[in-house]
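Commentary on secondary and tertiary structure
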Amino acid sequence: MTKIDVLLGLQWGDEGKGKIVDFLAPNYDVIARFQGGPNAGHTLEFDGGKHILHTIPSGIFHPSIKNIVGNGVIIDPVVFEKEINQLRDKGVEPTKNLFISKRTHLITPTHLLLDAVYEKSKGKAKIGSTLKGIGPAYTDKTGRNGIRVGDITSSEFMKKYERLQKQHLKIASVFDTDYEGILIHGIKLQEYEELWIKALELLKSLERIDSEYFINDCVAKGKRVLAEGAQGTLLDLDFGSYPFVTSSNTIAGGVCSGLGVPPSVIGRVFGVFKAYCTRVGCGPFPTELFDSDGEILRQKGHEFGSTTGRPRRCGWLDLPALKYSVMINGVTDLLMMKADVMNELPVIKVCTAYKTPVSDVNHLSWEVMNEKITPIYKELPGWQTSLKGIDNFSDLPSELKDYIKFIETECNVGIPLLSIGPDRKETLIKTDFISKLN
Ligand code: GDP
Ligand code: IMO
Ligand code: MG
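An account of the accompanying structure is given in this report. (Residues numbered from 1 in each chain as written. Chains lettered and ligands numbered in written order. Predicted model: local features only at pLDDT ≥ 70, side-chain atom pairs only at ≥ 80, totals over all residues. Heavy atoms only, no water.)

What follows deals with the overall build of the chain. Secondary structure summary: the chain contains 12 helices and 20 strands in total. For the chain, whose C-alpha radius of gyration is 21 Å, the value lies close to the compact-globule estimate of 22 Å for 438 residues. Projecting the C-alpha coordinates of the chain onto the three principal axes gives extents of approximately 65 × 50 × 40 Å. Relative to its full complement of 438 residues, the chain shows a buried share of 57%. Counting contacts in the chain only where the partners sit at least 6 residues apart, residues at least 24 apart contribute 77% of the total. Summed over its atoms, the accessible surface of the chain is roughly 18,300 Å², and 52% of this surface lies on carbon and sulfur atoms. Taken as two groups, the 53 positive and 54 negative side-chain charges of the chain have centres that lie 3 Å from each other. (Helix = DSSP H or I, 4+ residues; strand = E, 2+ residues; numbered from the N terminus. Rg over C-alpha atoms; globule rule 2.2 N^0.38 Å. Buried < 20%, exposed > 50% of the residue type's maximum accessible area, 1.4 Å probe, protein only. Contact = heavy atoms within 4.5 Å. Areas by Shrake-Rupley, 256 points an atom, 1.4 Å probe, with all protein chains shown as cover. Lys, Arg positive; Asp, Glu negative; His and termini not counted. Charge placed at Lys NZ, Arg CZ, Asp CG, Glu CD.)

Octahedral six-donor coordination of a metal ideally yields angles of 90 or 180 degrees, compared with 109.5 degrees for tetrahedral four-donor coordination. Surrounding the magnesium ion (ligand 3) are the protein donor atoms Asp14 (OD) and Gly41 (O), at 2.0 to 2.2 Å. Note that aspartate 14 is positioned in the loop between β1 (4-9) and α1 (17-24) and glycine 41 in the loop between β2 (30-33) and β3 (42-46), a separation of 27 residues in sequence. (Donors = N, O, S within 2.8 Å, 3.2 Å for Na, K, Ca; no water.)

Where charged atoms from two side chains of opposite charge come close, those side chains can pair. Going through the model one piece at a time under the given rule, you end up with 22 salt bridges. The partner of lysine 17 in a salt bridge is glutamate 15, with the nearest N and O atoms 2.8 Å apart. Across the pair, exposure class does not vary: lysine 17 and glutamate 15 are buried alike. The partner of glutamate 93 in a salt bridge is arginine 88, and the shortest N-O contact between them spans 3.0 Å. (Salt bridge = Lys/Arg side-chain N within 4 Å of Asp/Glu carboxyl O.)

Moving on, we get to the nonpolar core. Ranked by size, the top nonpolar core spans 59 residues in total, and within it Met336, Met342, Leu400, Tyr403, Ile407 and Leu418 carry the most contacts. Take this core: its biggest share by element is 6 residues, from helix α12 (residues 398-411). Excluding residues that lie within four positions of it along the chain, methionine 336 makes contacts with Phe273, Ala275, Leu400, Tyr403, Ile404, Ile407, Ile415, Leu417, Leu418 and Ser419. (Core = buried A, V, L, I, M, F, W, Y, C linked by side-chain atoms within 4.5 Å.)

Residue pairs three or four apart in sequence face the same way in an α-helix, which turns once every 3.6 residues. Relative to the 18 Å expected for 13 residues at 1.5 Å per residue, helix α2 (residues 77-89) spans 18 Å between its end C-alpha atoms, a close match to the ideal helical length. Within α2 the residues assigned to the buried category are Pro77, Val78, Val79, Phe80, Glu83, Ile84 and Leu87. Turning to α2, the residues buried within the fold contact β4 (49-53), β5 (66-69), β6 (74-75), β7 (98-101), β8 (105-106) and α6 (189-205). N-cap assignment for α2: the residue whose side-chain oxygen lies 2.9 Å from the backbone N of valine 78 is aspartate 76. One or two positions beyond α2, positive phi appears at glycine 91, with a value near 85°. (Expected span 1.5 Å × (residues − 1). Polar contact = N/O pair within 3.5 Å; in protein donor to acceptor, adjacent residues only side chain to side chain.)

Let's shift gears to the pairing of β3. Here β3 shows one buried face, formed by His42, Leu44 and Phe46, and one open face, formed by Thr43 and Glu45. Sheet topology note: the β3/β4 ladder contains 5 bridges and is antiparallel. Bridge pairing in β4 links glutamate 45 to lysine 50. Between β3 and β4, which pair antiparallel in sequence order, lie 2 residues; one of them, aspartate 47, sits at a positive phi of approximately 45°. (Pairing = 2+ DSSP bridges.)

Here we take up the site of ligand 1. The environment of ligand 1 is made up of 20 residues, and the closest members are Gly16, Lys17, Thr43, Asp340 and Ser419. Within the side chain of aspartate 14, an N or O atom sits 2.9 Å from an oxygen atom of ligand 1. Of all elements in the fold, only α1 and β3 reach the threshold of two or more residues within the shell around ligand 1. Split by residue class, the shell around ligand 1 holds 4 nonpolar, 8 polar and 8 charged. (Near = heavy atom within 4 Å. Nonpolar A, V, L, I, M, F, W, Y, C, P; charged D, E, K, R; others polar.)

Now for the site of ligand 2. Around ligand 2, a shell composed of 21 residues is seen, among which Asp14, Lys17, His42, Thr130 and Thr246 lie nearest. Note that an oxygen atom of ligand 2 is positioned 2.9 Å from one of the side-chain N or O atoms of arginine 310. Here the residues of the shell around ligand 2 sort into 8 nonpolar, 10 polar and 3 charged.

Further remarks concern the side chain of glutamate 212. In this fold, glutamate 212 is placed in helix α7 (residues 211-220). Overall, glutamate 212 belongs to the buried group, its relative accessible area being 16%. Not counting residues within four places of it along the chain, the set of residues in contact with glutamate 212 comprises Arg103, Leu259 and Gly260.

Attention now goes to the side chain of aspartate 140. By the element assignment, aspartate 140 lies in helix α4 (residues 134-142). Despite its burial, aspartate 140 pairs with no opposite charge, the nearest such side chain being arginine 144 at 10.0 Å.

What follows is the structure in structure tokens.
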């Protein structure tokens with residue numbers, strides 16, 4: 001019997017989860033996504049190529065590794081088909097090592113319509129959703145109206161689909177009398193529906209499984225499993241900056257419900273975080289920068305969304321928020337990303353507490369996410385040198401070593417992995433990190 005390791009984001013998503021899952025994949029037999037859907041965009045770079053995955057787990061480029069889309073994930077068949085075709089164009093045949101839970105819910109064309117209608121109706125208070133139908137699809141799941149991958153071969157499928165579609169159109173008309181003019185990914189609803197129904201055929205050709213049995217069997221047989229998260233802890237439905245969150249549990253707790261595994265099998269929890277912070281979409285962001293430092297982070301870090309292309313909001317590292325995420329997830333190892341993006345900065349600021357209307361606090365209290373607060377910063381000297389070619393921790397500039405040490409001490413968790421570029425190879429690990437895996 002082995003344990004299931006977990007890799008997830010500790011900030012507002014886009015921390016670099018995809019890169020690290022791909023990097024760690026050779027140490028695992030199975031990679032399993034446990035939540036989220038096509039709102040995710042996980043970027044992998046190796047051998048001169050760049051690949052963005054949305055629903056497919058980031059172990060897919062390793063043919064010997066089984067990749068599972070867990071029950072906690074939601075699938076848009078059109079996006080899924082596109083992803084599969086893009087992989088095939090690159091010479092990867094994903095159908096051989098990809099398995100989908102029959103319990104995975106489907107995002108229908110009218111979920112996408114509702115997402116757009118709800119966002120429009122919110123006006124300035126909009127969430128900044130990726131408009132991939134995430135909120136409405138998870139709403140139907142919890143409302144017990146959803147349709148699932150296991151349903152697609154049932155003779156009742158189209159009846160269920162049409163019933164749901166009718167309900168959605170009724171709701172849409174209440175929110176927006178002009179809903180018929182809303183385009184879905186740039187095309188009319190009817191056209192998207194045609195693509196959607198056609199794309200179900202691809203889903204039917206893939207292996208659909210009872211993934212809870214599959215994964216628990218793997219664990220019982222001593223196979224090594226890595227659970228891959230999407231989004232980040234501060235976008236979690238319960239613990240994120242609600243209502244500016246996604247509609248699933250992005251935290252370690254989500255692994256149990258999203259894959260059907262008991263808490264006792266969870267092993268290490270890898271918390272991925274950027275050396276600074278970014279956020280795409282709306283909602284509170286205490287350390288957000290509106291000055292030239294913010295622009296440097298955006299430009300040097302290519303901080304533009306992998307899924308929507310939107311510019312990401314950038315800011316300094318927020319330690320109380322990071323510590324909160326470490327606590328919520330039980331992080332055993334911190335993995336720090338994109339240190340190279342800060343190479344030029346003479347001074348690095350880190351938020352260590354917040355001034356609230358009542359007092360200074362050094363934790364992520366309700367007030368921090370819901371009232372006007374000002375961050376309190378500690379300043380550290382920047383390293384102002386390139387990290388290119390460095391391949392071990394001991395060769396890092398002393399200022400970066402100090403920055404890492406400071407975060408480790410504050411969070412009381414070690415940082416055994418540092419990423420200094422987007423490529424798989426631009427990854428530094430402490431000597432015993434891999435040998436300790438499973
Ligand atoms: P994910 O959603 O957590 O998988 O992250 P994304 O792929 O959305 O965003 C991370 C972006 O940063 C991608 O464009 C990666 O290629 C890139 N990236 C990852 N690690 C590093 C790094 O250490 N340095 C730099 N400069 N870019 C990185
Ligand atoms: P990965 O897995 C960054 C954000 C959206 C929006 C909010 C709700 O690549 O880290 P939704 O479409 O879920 O209704 O949007 O969540 N968001 C992400 N931000 N990375 C992601 O995924 C995200 N998925 C959703 O921008 O603010
Ligand atoms: Mg992303």
